[in-house]
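What the coordinates show
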Amino acid sequence: NHGRVEALQSLEYIITYTGHTPDTYLKEIYKMAKSSLSDKSLHNRMAAASLLRALSAMNPQFIANDLDSCISAACRGFEMYIKASTHVLRISLAETIAAFCSPLIGGVQSHATRSTTFDNIMSLLDTLFIKHYTIPEIRIGLTETFVLMLQTRPPDWVEQETRSLVSRFLQLSSHPKVMTNTIYAASVRRCVQFVLRTSLGKRLGHKGRTDTILVLCAIITDVMKASDRDASIDGSSTSTLITALDTISDIIGIVGNAISKITDQLVPVLLGVALHPSSEARITGARSIRALVEANPARAADIAPQCLKRLSTFAGSPSAVHGTALDLAAALTGTACGMLGLPQEVTNKTVQAGLNLVSKASSSKPEPASFLMMNSGWLLLSSIVSIGPSAVLPHSAELIGAWSKPIKSFDKTVKLSVKKWHLQLEELIGALTCIFLYLKHCRTIITEDAQQEMTQLFLKAVKIIPHLPPFSKNAEIFTNIKALYRARVYSCLTLVPPSLYEPKFHKLIPLVVVDLALSENASLTSMTSLLQHQCHAEDSILLKTSGESDYATVEQQLDLLGRGGLGSISNDQYHVVFPGILSEQKPTELPLHPQIEVIDAAVQLFGIIFPLLSQSKQRLQLLEHFETCIASAKQANRSQAIRVNIFSAFLCALKRMVEMKLTIGNKKVRTVAHRVTIGALHNTDPFVRCAAGEAMGRLGQVTDDGVISEAISALVENVQVNTSPDSRTGNCLAIGCILRYAGNVVASRHLKVTAKVLHALSSDKNEEVQTWALHALMLTIDATSFDFHPHVHTTLQLCSDILHQDTGATVQRTAGNVVNALITTLGPEIQAQVNLRHKLQYLLHNLQQSMWPSVELAAMHGMQQLILFAPSYVKVPEFLPVLKDKLDCQHSLLRHAAISVLKQLIQRDGQTVFKSGNGIEKQIFRMLDSEEDKGTRLAIQECIRGFQTTLGARIPSHWLIMCNEILSGATEKEDEALAMQQPQQYDNLDHDDGKQSLNEDDNEDDDEAAQRVQVNVTTRTVLPTTWQTKMFAVECVRQLISVCQEAPKIDGYESPHFNLTLARKIGGDKLILRLADLIRTSFIAATSSTDEVKKAGLHALDDIIRAFSESQDPDVDGNHSILEQFQAQVTSALRPAFAEEISPDVKYTACMTCASWIISGVNKDAVDIKRLLNLLAKALDSIEDSPDPRYNERATTMFRLGVLQAWAIVYNCAVSDVNKNYLLPCIKSTISRLNTYWIQTLRDFAFVSLPAEYSNQIPDCGNFYFAGTRSTVVDFYRTAFPGLVVAAANEYDNTQDVCSQPKSLYQ
């Protein structure tokens, strides 16, 4: 194999670099490479794919003549020898197909003289996709091919072809052949959704994204018109509708608050889906509504009244009521992620509507219409609870009564029909969902008495479970409802202290065990989805899961543990109102099938109950019963499912026992526990073996050292006796896990034996055994630390041998992890041991050159350790090009590792990184637009902040230019042009005094036009800048000001960054020389169409005013602030922020910035000051207006307190600073009115600050807070209090005649 790979690579180099090869040879090479695509060896297939790409680049005619056959061969390569098929191979083959097709589009013609158009090629790929859609490897491979194909087309072309592309891919999701199987149909929809989201949602600019949404809306409108004509449910059109709605949700999540520009066009379309006859379509439409409201919370005030009106209008259509209730519930829940909320009137009406629907459904006959009414009512009530305490408190009595009634009123003596049971369970599930959300999101208002009352409700709900009708083959929907009910009961019990229901453990355990052992029905084979989560994060390398690349969303369909299939929001409609589950847009977080959900809930509840069983006898009985259940299962798949469920529950219990520092029990319990666990070490499922190894380690924590020694001896013996790969992998991992948790002292006692065994297994011929043994060896090194030193050289030689062999990616990666563990063990000693250090560096270099991203990941982690322990031996200029290359890869974990290494280098020597990075700071800034992982985004931001902390005071203009480009949307080409125009200005960074020149004459006057950063306005950007990135750019500007303020001062007196005379004298790059650009940057942000960017811009403007207000302008005679020349820009930025349509939080920020500008002393002209005070005066005039109908009343309170706080700032400054006395005449006429408001605010604060036990003495409404908002406005009052109390005290002190004020005012 190795020789064949070398031969294929040699041919590739010959074709690539010689420039010409005779056609005769090319034909033979082509045939050989094409046949190698189906080779058994993974390396051969990848080498053949790379060779074919080189052939295509050199002579596309070969591909044009045999395109169909060539693409079909690549498709077979996706599928052949599935165990040797990996994500890297699929990407390589997908790149090969894209390379075949890209040169042919409208170019080279085949023998048939038919021009190969994009449509022709896409039609061919579509046909192959439909033909092989049941084969996951080909389905995923072609999905990735679609994405890579579109990446070969220019963004402008993709934007122009949006409509045809969307239509084409949606046709795939609704193809009649696909619709024959619901599971495959869901998988295809997920693939299409991924292509649209990646190729259109992530790649295009804002205009392209919004155009995509509008195209999808047009398609949805057409589907809805068709459904109006034909009331029956059409599977194909419904699939199209669901895919379009899911894609809209995804793209809205990318666009964010900027979606407001097309909301008026979007809302009617989404609300119209509520009338669709398919419940799945209605639920998916509600998910889109939720995404829209989370991105733009202000629209909830428009959506909610429309939905409330529709509930009355469509009262005669249960499905329309259900869809409308879903939309209303989704809109209300979406407001929970923002601070402005909805008006109290909306929540009041929603509660009443929900109670009415529940009451109506309860008294109706058990028909499908009643089920929909019941769901609708509980969805509305659950959405109120999901908002949090602010919405619940005014209606707590009604809600508690509503969810208590169905549980308390259940009569087990009454015989019910299946339909009546169905309706009863729908009501119980809705009630339990409300309680679940109440416990999860309203804990601050839950008392101990309330917890006890709810626990009693749960125990009554538990008593209902044994009375549920038995399993029926013909009642699948009812069976799922029963499973969902049990899942909800178990989930609720996990949220209350177990001590409250400990006396009832004997009733709970049998029910939980029935669900774990699948005893309800002999045909069930459902597995929990939690087994993987029970395993240690370090062990994920053994499971070959697909969460490491940008294609993880579709690659997850191929995970070995596909328990329950793909998650779907339609599996549990109440997830629409679960806060936080949709904001990440991760399909893995969507609810699974009810049969899986109940097992997951049972696993978690068992993990809580088992450690609290007081007697060893009970634990022993349970473990023995589990053994019996596994042994008695006749079917292999059922036995495996029971084993997985039981083992997940047992491992969950062990983890909790470790947390509680409990022991597992007497010797009999330990014996059975070990027997159960060791039996799982031989399982064929790697997930079970991995979990069994973890369980062995946890068992060591709940037993003593003697038991650990016995266990290790038994495992070593098992490895020597049993030579099967499954047994060896499980046993060697168990050894590593035991040592991981045993601690250094215990682990070192067994080091000699375990090291010998693991070294031997690491050289095994079976790659899986090698992988698991190397991983266990890595765990052993970490556990024994310094004591492993005698084995370092032999282990290093072992890793070197493995890395130089023709082994798979997983083996090489685990070997790399062993190398990293050795570096950690050696620590700073690496610097002294030259030969050892050279060998480690050589191995890390080899790992970096690997063709496998996962192996490169190990190299990155090794470099992190080397930088930590031997920084002087890491050549930063040579390493940075490697790092920059990794920052652009499609492997998300590798990008994250590269960013982590970069952050580490910046912390150590940011100056060297900056000088050698060749624009690396711009590269990582651009990554913020496309990076979705929160951890990576945070690391990128920390890197940029680290750069600014180190170099911000030395070259502030560089960072300002970069932030300005981000805010103005400069393209990559414009960035390059700007870079060419800029001189090499950073060669003198090594100077400590920061006197580097920007190629300017120090004696020359600073011409504003020359100093100004050009703000380039473009119609669209090559690399679109999101509003989140723009907001961070503004935060960087604010940090730049802060860094310059903290920079060393001249003679400890004044900073040249804020003194123009000093800056000109010293020379170099100083922040004050770029003041015009600072103002312009904040102006761009403050006048943005996105509220978040607008607030950030106003904050930046505030910082600039505070930093430069004392800076004098030497070019103007007299005592004049340098900010005087920017009065027009500042006023122009402030005035729009006070407009009527602006949200209260932006107005609040504008008030604070306006107050800072007034008291800065920049302008002392009474006319100009009054013009500014006019802004605050208009805000003050509106202080007694009715609350803003778009938001919750607490938003009005926040704005009013902000206005009063701003006036207090101005007044306090005017009174306390003799240099600001000129302000007093300007505000004199308003003081009396303000004083009254200030005192009223202080009285309000006194009331809302009282403890809860005095709640009956606190008025429901205050002067500035409203009914139902008291608990949510305390922080607003607390923020305003210091300034207001000082202002009131100053006014009291300045009042000559106290009696002139109302007597009650100062009481």
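Quick note: structure is the one above.
For the structure given in this document, a descriptive report is provided here. (Residues numbered from 1 in each chain as written. Predicted model: local features only at pLDDT ≥ 70, side-chain atom pairs only at ≥ 80, totals over all residues. Heavy atoms only, no water.)

**Comments concerning the state of the cysteines**
Evaluation of the coordinates by the stated rule reveals zero disulfides. The cysteine Cys737 is free of any disulfide, with Cys690 supplying the nearest cysteine sulfur at 6.8 Å. Lacking any disulfide linkage, Cys799 is separated from the closest cysteine sulfur, that of Cys732, by 15 Å. (Disulfide = S-S within 2.5 Å.)

**Quick notes on the packing of helix 19 (residues 368-387) against helix 21 (residues 396-408)**
One can describe the packing of helix 19 onto helix 21 by two numbers: an axis separation of 11 Å at closest approach and a directional angle of 130°. Our classification of the angle between helix 19 and helix 21 gives oblique. Between helix 19 and helix 21 lies a crossing of left-handed hand. In this structure, helix 19 contributes Trp378, Leu381, Ile384 and Val385 to the contact, and helix 21 contributes Leu399, Ala402, Trp403 and Pro406. (Axes fitted to C-alpha atoms, helices over the stretch in contact; angles between N-to-C directions. Helix = DSSP H or I, 4+ residues; strand = E, 2+ residues; numbered from the N terminus. Parallel < 35°, antiparallel > 145°, perpendicular 65-115°, else oblique. Left-handed = near helix turned anticlockwise from the far one by under 90°. Contact = heavy atoms within 4.5 Å.)

**Considering the environment of Ala1195**
Take Ala1195: it is sitting in helix 56 (residues 1193-1216). For Ala1195, a relative accessible area of 2% corresponds to the buried category. For the pair Ala1195 and Arg287, spaced 908 residues apart in sequence, the C-alpha separation works out to 26 Å. For Ala1195, the contacting residues outside a window of four places in its chain are Leu340 and Pro1144. (Buried < 20%, exposed > 50% of the residue type's maximum accessible area, 1.4 Å probe, protein only.)

**Quick notes on the packing of aromatic side chains**
Inspection of the entire model under this criterion finds 22 aromatic pairs. Ring geometry for Tyr1237 versus Phe1264: centroids 5.9 Å apart, planes at 75°, classification edge-to-face. One end of the pair, Tyr1237, is in helix 57 (residues 1224-1248); the other, Phe1264, is in the loop between helix 57 and helix 58 (1274-1294), and 27 residues separate them in sequence. Classification of Tyr1237 as buried rests on a relative accessible area of 6%. Chaining the aromatic ring pairs together yields one cluster made of Phe606, Phe610, Phe626 and Phe650. (Phe/Tyr/Trp six-rings, centres within 6.5 Å; stacked < 30°, edge-to-face > 60°.)

**Overview of empty space enclosed by the protein**
Taken as a whole and judged by the stated rule, the model has five cavities of 30 Å³ or more. Considering the residues around the second largest cavity, the lining is formed by Gly341, Leu342, Gln344, Thr347, Ile387, Ser390, Ala391, Asn1192 and Arg1194. (1 Å grid on protein atoms, 1.4 Å probe; cavity = no way out; pocket = protein on both sides within 12 Å on 5 of 7 lines; lining within 4 Å. Points joined across faces, edges and corners; volume = space filled by probe spheres on them.)

**Observations regarding the layout of surface pockets**
Quantified by volume, the second largest pocket comes out at close to 1100 Å³. Lining the second largest pocket are 38 residues, with Met46, Gln849, Ser850, Met851 and Trp852 positioned closest to its centre. Residue assignment for the lining of the second largest pocket shows that the elements contributing at least two residues are helix 1 (2-18), helix 3 (42-58), helix 6 (87-101), helix 40 (834-848), helix 41 (853-869) and helix 42 (876-887). The dominant element in the lining of the second largest pocket, judged by the number of residues it contributes, is helix 1, at six residues. Of the residues belonging to the lining of the second largest pocket, the class tally is 14 nonpolar, 16 polar and eight charged. (Nonpolar A, V, L, I, M, F, W, Y, C, P; charged D, E, K, R; others polar.)

**Structural notes on a positive patch on the surface**
Residues Lys408, Lys412, Lys460, Lys463, Lys504 and Lys507 make up a contiguous surface patch of positive charge. One can find Lys463 in helix 23 (residues 448-464). Look at Lys463 and you get partly exposed, because its relative accessible area is 49%. (Patch = residues over 30% accessible without salt bridge, like charges linked within 9 Å, V, L, I, M, F, W, Y side chains within 5 Å. Areas by Shrake-Rupley, 256 points an atom, 1.4 Å probe, with all protein chains shown as cover. Salt bridge = Lys/Arg side-chain N within 4 Å of Asp/Glu carboxyl O. Lys, Arg positive; Asp, Glu negative; His and termini not counted. Charge placed at Lys NZ, Arg CZ, Asp CG, Glu CD.)

**Notes on the pattern of salt bridges**
In this structure the tally under the stated criterion is 46 salt bridges. Here Asp66 makes a salt bridge to Lys34, at a shortest N to O gap of 2.9 Å. With Asp66 in the loop between helix 4 (61-65) and helix 5 (67-79) and Lys34 in helix 2 (residues 23-36), this residue pair connects regions lying 32 residues apart in the sequence. The buried category is assigned to Lys34, whose relative accessible area is 18%. Here Arg740 makes a salt bridge to Glu538, at a shortest N to O gap of 3.1 Å. Pair noted here: Arg740 is in helix 34 (residues 725-742) and Glu538 is in the loop between helix 26 (531-534) and helix 27 (552-555), with a separation of 202 residues, a long-range link. On the basis of relative accessible area, Arg740 is assigned to the buried category, the value being 18%. Each member of the salt-bridge network shares a partner with another, and the members are Glu538, Asp539, Glu694, Arg698 and Arg740.

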